[in-house]
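Coordinates in review
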Amino acid sequence: MTHMTDHAPTRALAAFAAHFDPATLPADVRQKLGWLLMDYLRVSSIGARFAWSDWGRRYVDVVGKSGAAHVLYGPTMLNPQHATFLNVTYGSSFDADDTHVGAMLHPGIAVWSAALATAQHTGAKGADVLAAVVAGYETIIRIGLALQPSHFKRGFQSTGTCDAFGTAAAAGRILFKAADAEQKILDAIGLAGSYPSGVAQFYYSGSSGKRIQAAHAAQCGVAAALLTHSGFGGPPDILEGTGGFARAYADGWNPAIITEGLGQRFHLMDVLVKSHAAAARVAAGIDGMLALRQQHGFTGADIAQMHLGIPRIIQGRLTNPHPVDLQAAQMCLPFCVAVASKIALRAGEVPSVAVADIESGLSDRSLYDLEERTTIDLDEKVEAKSNALSTAAKVSVRLRDGRSLSILVPAPKGSPSQPFTAAEHEARFTQELSSRVSPQLCAEIVGMSKDLDGLDPRQLGRMLGKS
């Protein structure tokens, strides 16, 4: 695949998506993709129960058209664009889906939804789906890495922008099979550039808008591929062009990141799988509080003062106390750490902050008071430990009994350096999916995750439709 590095960035991604041979995929990458599939299905199952998923279903009832693509966890079948929208809404709507920290985005929920829906639409299986998913992850992550942190500083959430390019690549890999597949995928990626929004005012003002930013971007990429299939096309230099995405959405970028090692170095291996329903960059702080409590046996009521040491990247957007709503709370480091100071710790269980914990915390005055007793400063050691794979944090508390305790967490659980084991992935998946399907079906889906070449998306849709 080295010839792709000779292309300009947009064309390199199209060439990769068109020509990548999944038979060359290393075993560890295949294993990681299987884990990511289980996590995608797990978080989608949880998210499908929330109120905003009901809002998404009402919206699709108005705009959607029936088709061959399965909506997860029910009998509804839609066209691939709107099935993608709804499935992404399920999985992305409570901030527990997989994340690439350096690219500052959530790739998996978009990629899996688009690839499976388009495959169900066309009847594609196994290797084609695997290639589409890889193309989607790499496209999204590489574009994000190339633009960050300028893209973030300009006020964009890259999930709401970059995901459209990745889902166009993924859907395009499945839709286009002829000799001109590379050109068609290039057209689809170019056309996807007409759609990105991702404005991130919700960091400051709250709102439910973030809950569908990934869904909007993902469905737009699928729409671009379907429009290309019907005859439309986009600029072949949508990323790097004079009026292209990079110039419009960032003050600076590094296009070499998009082409470097494309086909050999898989950035999807650096995707973080979350423990908590909160921003990935606040997870180390949550882990730090939980670890201190497990080691020393105190509760939030015992804390007289708290101090958080942070890296520069999260200063401002993720450190403002007293969030205005649930969405803002999930993106707020001091609030999430305060919530972690009060959740129940059960023997034998890995503690996790859930949406319900955060939601109930919004009406808990004691958490507000703890935020008032919290100081936050840049910390050189935390800065040194933070990188494109994970964000570190230091949590220090002074207890009412006089003890002073502190811990530096270099990377949260689920990050590349602190990954879940295969057994943990399977246990998390089975714990959630067993509420929907039989143990036998759970085992069969786990088996599919270990043999992605044999994956049948329509069969998977039918299995989950029984839930």
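Residues numbered from 1 in each chain as written. Predicted model: local features only at pLDDT ≥ 70, side-chain atom pairs only at ≥ 80, totals over all residues. Heavy atoms only, no water.

What follows concerns the overall build of the chain. When helices and strands are tallied, the chain shows 22 helices and six strands. For the chain, whose C-alpha radius of gyration is 21 Å, the value lies close to the compact-globule estimate of 23 Å for 467 residues. Dimensions of the chain, computed from the C-alpha atoms along their principal axes, are close to 75 × 50 × 45 Å. Every one of the 467 residues in the chain was classed for burial, and the buried ones make up 60%. At a minimum sequence separation of 6, the contacts of the chain that also span at least 24 residues come to 78%. Carbon together with sulfur atoms contributes 52% to the accessible area of the chain, which is approximately 17100 Å² in total. The centroid of the 41 positive side-chain charges in the chain is displaced by 3 Å from the centroid of its 42 negative side-chain charges. (Helix = DSSP H or I, 4+ residues; strand = E, 2+ residues; numbered from the N terminus. Rg over C-alpha atoms; globule rule 2.2 N^0.38 Å. Buried < 20%, exposed > 50% of the residue type's maximum accessible area, 1.4 Å probe, protein only. Contact = heavy atoms within 4.5 Å. Areas by Shrake-Rupley, 256 points an atom, 1.4 Å probe, with all protein chains shown as cover. Lys, Arg positive; Asp, Glu negative; His and termini not counted. Charge placed at Lys NZ, Arg CZ, Asp CG, Glu CD.)

We now examine the side chain of aspartate 379. Counting through the fold element by element, aspartate 379 comes out in the loop between strand 4 (374-378) and helix 19 (380-385). Of the side chains with opposite charge, lysine 394 comes closest to the buried, unpaired aspartate 379, at an N-O distance of 4.4 Å. Within the structure, the side chain of aspartate 379 is placed 2.9 Å from the backbone nitrogen of lysine 381, a separation counted as a polar contact. (Salt bridge = Lys/Arg side-chain N within 4 Å of Asp/Glu carboxyl O. Polar contact = N/O pair within 3.5 Å; in protein donor to acceptor, adjacent residues only side chain to side chain.)

Before going further, it helps to examine a nonpolar patch on the surface. A contiguous nonpolar patch, built from Tyr59, Val62 and Val63 and spanning about 280 Å² of accessible area, is present on the exposed surface. Mapped onto the elements of the fold, valine 63 is located in helix 3 (residues 51-63). Residue valine 63 is classed as partly exposed on the basis of its relative accessible area, which comes to 35%. (Patch = residues over 30% accessible without salt bridge, like charges linked within 9 Å, V, L, I, M, F, W, Y side chains within 5 Å.)

To continue, consider the side chain of serine 45. In this structure, serine 45 sits in helix 2 (residues 27-47). Sequence-distant contacts of serine 45, that is, excluding residues within four places in its chain, are made with Tyr73, Glu432, Leu433 and Arg436.

Within this structure, the stated rule accounts for nine aromatic pairs. A centroid spacing of 5.1 Å and a plane angle of 40 degrees characterise the contact between phenylalanine 16 and phenylalanine 20, whose relative ring orientation is tilted. For phenylalanine 16, a relative accessible area of 1% gives the class buried. A residue is classified by how much of its surface remains accessible, and phenylalanine 20, at 1% relative accessible area, is buried. An aromatic cluster of three or more residues is present, and its members are Phe156, Phe165, Phe245 and Tyr249. The ring of phenylalanine 420 carries arginine 428 above its face, with NZ or CZ at 4.1 Å from the centroid. (Phe/Tyr/Trp six-rings, centres within 6.5 Å; stacked < 30°, edge-to-face > 60°. Lys NZ or Arg CZ within 6 Å of the ring centre and 35° of its normal.)

What follows covers the sheet that holds strand 6 (residues 404-409). Taking strand neighbours across the sheet as the criterion, the four strands line up as 4-3-5-6 in an open arrangement whose pairing is mixed. Because the sheet does not close on itself, it has two edges, and the strands there are strand 4 and strand 6. Neighbour-to-neighbour, the strand axes of the sheet open up by a mean angle of 15 degrees, direction not taken into account. Pairing analysis gives six bridges linking strand 3 (residues 303-310) to strand 5 (residues 393-399), with the strands arranged antiparallel. (Pairing = 2+ DSSP bridges. Axes fitted to C-alpha atoms, helices over the stretch in contact; angles between N-to-C directions.)

What follows is about unusual backbone geometry. Following glutamine 148, the chain continues to proline 149 via a peptide bond in cis, the omega torsion being 5 degrees. Within the secondary structure, proline 149 is located in the loop between helix 6 (126-147) and helix 7 (150-153). Positive phi values are uncommon outside glycine, yet aspartate 95 reaches one of about 60 degrees. We note that histidine 322 has phi near 60 degrees; this positive angle belongs to a residue other than glycine. Examined against the element boundaries, histidine 322 turns out to sit in the loop between strand 3 and helix 15 (326-330).

Direction vectors running N to C along helix 3 and helix 4 (residues 80-92) enclose 170 degrees, while the axes themselves pass 9 Å from each other. Put simply, helix 3 runs roughly antiparallel to helix 4. Facing Trp52, Ser53, Gly56, Arg57, Tyr59, Val60 and Val63 of helix 3, the residues of helix 4 in contact are His82, Phe85, Leu86, Thr89 and Tyr90. A per-class count over the contact of helix 3 with helix 4 returns seven nonpolar, four polar and one charged. (Parallel < 35°, antiparallel > 145°, perpendicular 65-115°, else oblique. Nonpolar A, V, L, I, M, F, W, Y, C, P; charged D, E, K, R; others polar.)

Tallying each qualifying case throughout the model produces 16 salt bridges. Two residues, arginine 154 and aspartate 251, come together in a salt bridge whose shortest N-O distance is 3.2 Å. Of this pair, arginine 154 sits in the loop between helix 7 and helix 8 (159-175) while aspartate 251 sits in the loop between helix 12 (245-249) and helix 13 (256-259), placing them 97 residues apart in sequence. Here arginine 154 falls in the partly exposed class, since its relative accessible area comes to 35%. Overall, the relative accessible area of 67% leaves aspartate 251 in the exposed class. It is possible to trace a salt-bridge network through shared partners that takes in Asp39, Arg42 and Arg428.

Okay, the pairing of strand 1 (residues 66-70) next. Sheet topology note: the strand 1/strand 2 (residues 77-78) ladder contains three bridges and is antiparallel. Following the sheet pairing, alanine 69 is matched in strand 2 by leucine 78. Connecting the antiparallel pair strand 1 and strand 2 is a turn made up of six residues, with tyrosine 73 showing a positive phi of about 60 degrees.

Here the focus is the nonpolar core. Counting 155 residues, the largest nonpolar core has Leu33, Leu41, Tyr137, Ile143, Ile189, Met289 and Val397 as the members making the most contacts within it. It is helix 6 that provides the largest number of residues to this core, a total of 14 residues. (Core = buried A, V, L, I, M, F, W, Y, C linked by side-chain atoms within 4.5 Å.)

Residue placement: glycine 244 occurs in the loop between helix 11 (213-229) and helix 12. For the pair glycine 244 and glycine 193, spaced 51 residues apart in sequence, the C-alpha separation works out to 8.0 Å. The residues contacting glycine 244, other than those within four sequence positions of it, are Ile238 and Leu239.

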